[in-house]
Amino acid sequence: MSNGIDQTPAFEALRTQIARDLRPVKPLVLTRWLAGFLLLFAPLSGLLLWYRFGLRGENGVLDSLWLWGLSGAELLLGYAVLIWILREAVPGRRLDTVGLRVVAGAALLLHVLITLVTYAKSPLEVPAGHGWMYGLYCFRFEVLIGGACLLFILWLSRQGLTTHPRRIGLMGGLGAGLVADAIWRLVCPYSDHHHSFGSHTSAILTLVVVGGALALGWESWRARHLRGRSRG
């Protein structure tokens, strides 16, 4: 030892190896990627659905202000949740658990409020005897739309340093579900409570569970991978 600095050959070799490996770290572009995805996802999905199914406003169910206003509010709500939770993937940042619960509760409460306002402005019920058919139809499409959004968010979070994947999975599922519901409600004309909560809200909650399950699988795989590397 000299001046408190290890001068052994092993240390010198390690220092030389580290010096050779020094290179600029590629900056994270999570926000840029997410912003580009969000700007394209909703318009493209909406155009595809409009081309395939038409808009509910074309049948005079809701006027344009309420149709676009309510969907726009829920879309922005879903985007806000996704942008907020992606901060969890930035090194050195960890969101408060209480804050996460408050945001999740507030988002679900606003979704319920939007659903109730939609029914108040357009109390159209599913035709008798067709509840299950239309319910499964809406549930399936919302899960498909939200699932695509959720997978992108999970992939994007892996580009960072996510210490709690389950938090991103659960909240990512919530945000993706809100985005999907905002897009799909432009198409679905029915607003009675049995249909809305039974298919639309349940699709959002399903995406929350799927997001948590996928993140849990990712977390387990990563733990096994790190253990294998440490043993090697």
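Conventions we followed
- Residues numbered from 1 in each chain as written.
- Predicted model: local features only at pLDDT ≥ 70, side-chain atom pairs only at ≥ 80, totals over all residues.
- Heavy atoms only, no water.
- pLDDT = per-residue confidence, 0-100.
- Helix = DSSP H or I, 4+ residues; strand = E, 2+ residues; numbered from the N terminus.
- Contact = heavy atoms within 4.5 Å.
- Expected span 1.5 Å × (residues − 1).
- Buried < 20%, exposed > 50% of the residue type's maximum accessible area, 1.4 Å probe, protein only.
- Axes fitted to C-alpha atoms, helices over the stretch in contact; angles between N-to-C directions.
- Parallel < 35°, antiparallel > 145°, perpendicular 65-115°, else oblique.
- Left-handed = near helix turned anticlockwise from the far one by under 90°.
- Nonpolar A, V, L, I, M, F, W, Y, C, P; charged D, E, K, R; others polar.
- Core = buried A, V, L, I, M, F, W, Y, C linked by side-chain atoms within 4.5 Å.
- Patch = residues over 30% accessible without salt bridge, like charges linked within 9 Å, V, L, I, M, F, W, Y side chains within 5 Å.
- Areas by Shrake-Rupley, 256 points an atom, 1.4 Å probe, with all protein chains shown as cover.
- Salt bridge = Lys/Arg side-chain N within 4 Å of Asp/Glu carboxyl O.
- Phe/Tyr/Trp six-rings, centres within 6.5 Å; stacked < 30°, edge-to-face > 60°.
- Disulfide = S-S within 2.5 Å.

Engineer: What is the right way to read the confidence of the model for the protein from this model?
Structural biologist: Detailed reading of predicted coordinates is not advised where the pLDDT is low. In this model, the protein carries a mean pLDDT of 77, and residues with pLDDT of at least 70 account for 67%. Mean pLDDT values for the elements of the protein range from 62 in helix 1 (residues 9-21) up to 90 in helix 6 (residues 165-184). Note that residues 1-6 has pLDDT below 50 and, in this model, 5 contacts with residues that lie over four places away or in other chains.

Engineer: Hey, could you run me through helix 4 (residues 97-121) in this one?
Structural biologist: Each turn of an α-helix holds 3.6 residues, which means side chains three or four residues apart point in the same direction. Over its 25 residues, helix 4 extends 36 Å from the first C-alpha to the last, a length consistent with the 36 Å expected when each residue adds 1.5 Å. When we look at burial in helix 4, the residues that qualify are L100, A104, A107, H111, I114, T115 and T118.

Engineer: Would you mind showing me how to read the packing of helix 4 against helix 6 here?
Structural biologist: For the pair helix 4 and helix 6, interaxial distance at closest approach is 11 Å and the crossing angle is 20°. With respect to helix 6, the axis of helix 4 lies roughly parallel. Seen along the crossing, helix 4 lies across helix 6 with a hand that is left-handed. Each of T97, L100, V103, A104, A107, L108 and H111 in helix 4 lies in contact with helix 6, whose residues at this interface are R167, M171, L174, L178 and D181. Residue composition of the contact of helix 4 with helix 6, grouped by class: 8 nonpolar, 2 polar and 2 charged.

Engineer: Would you take a moment to explain the nonpolar core for this structure?
Structural biologist: Generally speaking, nonpolar side chains in soluble globular proteins are found buried as a group. Core analysis: the biggest nonpolar cluster contains 40 residues, and F41, M171, L174, L178, V179 and W184 have the highest contact counts within it. Mapped by element, the contributors of at least two residues to this core are helix 2 (30-53), helix 3 (64-85), helix 4, helix 5 (131-157), helix 6 and helix 7 (193-231). Setting aside its immediate chain neighbours within four residues, L174 contacts A104, A107, L108, I204 and V208.

Engineer: How should a nonpolar patch on the surface be read in this particular structure?
Structural biologist: Judged by side-chain polarity, L39, L40 and L44 come together as a nonpolar surface patch covering roughly 330 Å² of accessible area. Note on placement: L40 falls in helix 2.

Engineer: In this structure, what is going on with the pattern of salt bridges? I would like to understand it.
Structural biologist: Where charged atoms from two side chains of opposite charge come close, those side chains can pair. According to the stated counting rule, one finds 2 salt bridges in the structure shown. Taking the shortest distance from any N to any O, the salt bridge between R185 and D181 comes out at 3.2 Å. D181 carries the same exposure label as R185, and that label is buried. Each of E74, D181 and R185 takes part in salt bridges that share partners, so that together they form one network.

Engineer: Could you clarify how one ought to interpret the environment of S191 in this entry?
Structural biologist: One can find S191 in the loop between helix 6 and helix 7. Sequence separation of S191 and K121 is 70 residues, and the distance between their C-alpha atoms is 9.3 Å.

Engineer: Would you mind going over the environment of R158 with me for this structure?
Structural biologist: Mapped onto the fold, R158 is located in the loop between helix 5 and helix 6. Residue R158 is classed as partly exposed on the basis of its relative accessible area, which comes to 47%.

Engineer: Sorry if this is basic, but what is going on with the packing of aromatic side chains here?
Structural biologist: One pass over the structure, following the stated rule, counts 5 aromatic pairs. Consider the rings of F152 and W155, whose centres lie 5.8 Å apart with planes at 40°: the pair is tilted. In this pair, F152 and W155 are both assigned in helix 5, 3 residues apart and thus about one turn of the helix distant. With a relative accessible area of 16%, F152 lands in the buried category.

Engineer: Would you mind going over the packing of helix 5 against helix 6 with me for this structure?
Structural biologist: Axis angle and axis distance: for two packed helices, these are the angle between their axes and the distance between the axes, and together they describe the pair. Following both chains from N to C, one finds helix 5 and helix 6 inclined at 135°, their axes separated by 8 Å at the closest point. When the axes of helix 5 and helix 6 are compared, the pair comes out oblique. At the point where helix 5 passes helix 6, the crossing takes the right-handed sense. Only I168, G169, G172, G173, A176, G177, A180, D181, I183 and W184 of helix 6 make contact with helix 5, whose side of the interface consists of Y137, C138, F141, E142, I145, G146, C149, L150, I153, L154 and S157. Class assignment of the residues belonging to the contact of helix 5 with helix 6 gives a composition of 13 nonpolar, 6 polar and 2 charged.

Engineer: Is there a simple way to think about the state of the cysteines in this case?
Structural biologist: Note on terminology: disulfide describes a covalent bond linking the sulfur atoms of two cysteines. Per the stated rule, a full pass over the model turns up 0 disulfides. The structure places no disulfide on C188, whose sulfur is separated from the nearest cysteine sulfur, that of C138, by 3.6 Å. Residue class for C188 comes out buried when judged on its relative accessible area of 2%.

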